[in-house]
Amino acid sequence: MIRHIVFFTASEDKVEEVRRGLSLLTEIPHAQKFEVGASVKRDLFGNEVDLVVYGEFESLEALDAFKAHPHYQASIDMVRPIREMRIAADFDTDEATTRSLI
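Conventions we followed
- Residues numbered from 1 in each chain as written.
- Predicted model: local features only at pLDDT ≥ 70, side-chain atom pairs only at ≥ 80, totals over all residues.
- Heavy atoms only, no water.
- Pairing = 2+ DSSP bridges.
- Helix = DSSP H or I, 4+ residues; strand = E, 2+ residues; numbered from the N terminus.
- Axes fitted to C-alpha atoms, helices over the stretch in contact; angles between N-to-C directions.
- Contact = heavy atoms within 4.5 Å.
- Salt bridge = Lys/Arg side-chain N within 4 Å of Asp/Glu carboxyl O.
- Buried < 20%, exposed > 50% of the residue type's maximum accessible area, 1.4 Å probe, protein only.
- Phe/Tyr/Trp six-rings, centres within 6.5 Å; stacked < 30°, edge-to-face > 60°.
- Polar contact = N/O pair within 3.5 Å; in protein donor to acceptor, adjacent residues only side chain to side chain.

Concerning the sheet that holds strand 4 (residues 83-92)
Alright, step 1. Reading across the sheet, the 4 strands line up as 2-3-1-4 and stay open at both edges, with antiparallel pairing between neighbours. Each end of this open sheet is capped by a strand with a single partner; those strands are strand 2 (31-38) and strand 4. The mean angle between the axes of side-by-side strands here comes to 10 degrees, regardless of whether they run parallel or antiparallel.
Alright, step 2. Strand direction decides the pairing type here: strand 1 (residues 2-10) and strand 3 (residues 51-57), joined by 7 bridges, are antiparallel. Bridging across to strand 3, R3 finds its partner in E56.
Alright, step 3. In this fold helix 1 (residues 15-23) packs onto strand 1, strand 2, strand 3 and strand 4, with an angle of close to 15 degrees to the strand it touches most, strand 3.
Alright, step 4. Docked against the sheet, helix 2 (residues 60-68) engages strand 1, strand 2, strand 3 and strand 4, running at close to 40 degrees with respect to strand 1.

What about the pattern of salt bridges?
Alright, step 1. On inspection of all chains with the given rule, the structure shows 5 salt bridges.
Alright, step 2. The closest approach of N and O atoms between E56 and R3, which form a salt bridge, is 3.7 Å. Of this pair, E56 sits in strand 3 while R3 sits in strand 1, placing them 53 residues apart in sequence.
Alright, step 3. Judged by its relative accessible area of 14%, E56 falls in the buried class.
Alright, step 4. By relative accessible area, R3 is classed as partly exposed at 28%.
Alright, step 5. Here R19 ties to E16 by a salt bridge, and the two come within 3.4 Å at their closest N and O atoms. Of the two residues, R19 and E16 both sit in helix 1, 3 residues apart, roughly one turn of that helix.
Alright, step 6. Residue E16 is classed as partly exposed on the basis of its relative accessible area of 44%.

Thoughts on the packing of aromatic side chains
Geometrically, a pair of aromatic rings is defined through the distance of the ring centres and the angle of the planes.
Alright, step 1. Applying the stated criterion across every chain, the model contains 3 aromatic pairs.
Alright, step 2. Ring geometry for F34 versus F66: centroids 5.1 Å apart, planes at 35 degrees, classification tilted. Residue F34 is found in strand 2, and its partner F66 is found in helix 2; the two are separated by 32 residues along the sequence.
Alright, step 3. On the numbers, 5.8 Å between centres and 70 degrees between planes, the contact of F66 with Y72 is edge-to-face.

Considering the side chain of H4
Alright, step 1. Considering the arrangement of structural elements, one finds H4 in strand 1.
Alright, step 2. Here H4 falls in the buried class, since its relative accessible area comes to 3%.
Alright, step 3. There is a polar contact of 2.4 Å between the side chain of H4 and the side chain of D90.
Alright, step 4. Discounting residues that sit within four places of it in the chain, H4 has contacts with V53, Y54, G55, F57, L63, K67, A89 and D90.

Here it is, written out as structure tokens:
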């Protein structure tokens, strides 16, 4: 499984507008799970991130299909001009180091 995580910052007056633009992504198929949420800003070392996008995809091909959907470009067109920072990462859970907490 591929996990897709993106962090965004925006000026205080643009955060909700960015969230609305990112919410277009929830209408795209191909993700097994997809969420857009606001950071609760409880980290001891930094609270710059305003919004988080989190998605789970069966494969890299599913992620690529997600990114090829017209809503993806529409979201970019809405969000890019008004967001400040964007940091993205994708990782394969089959190759991740994990530890069971149970």
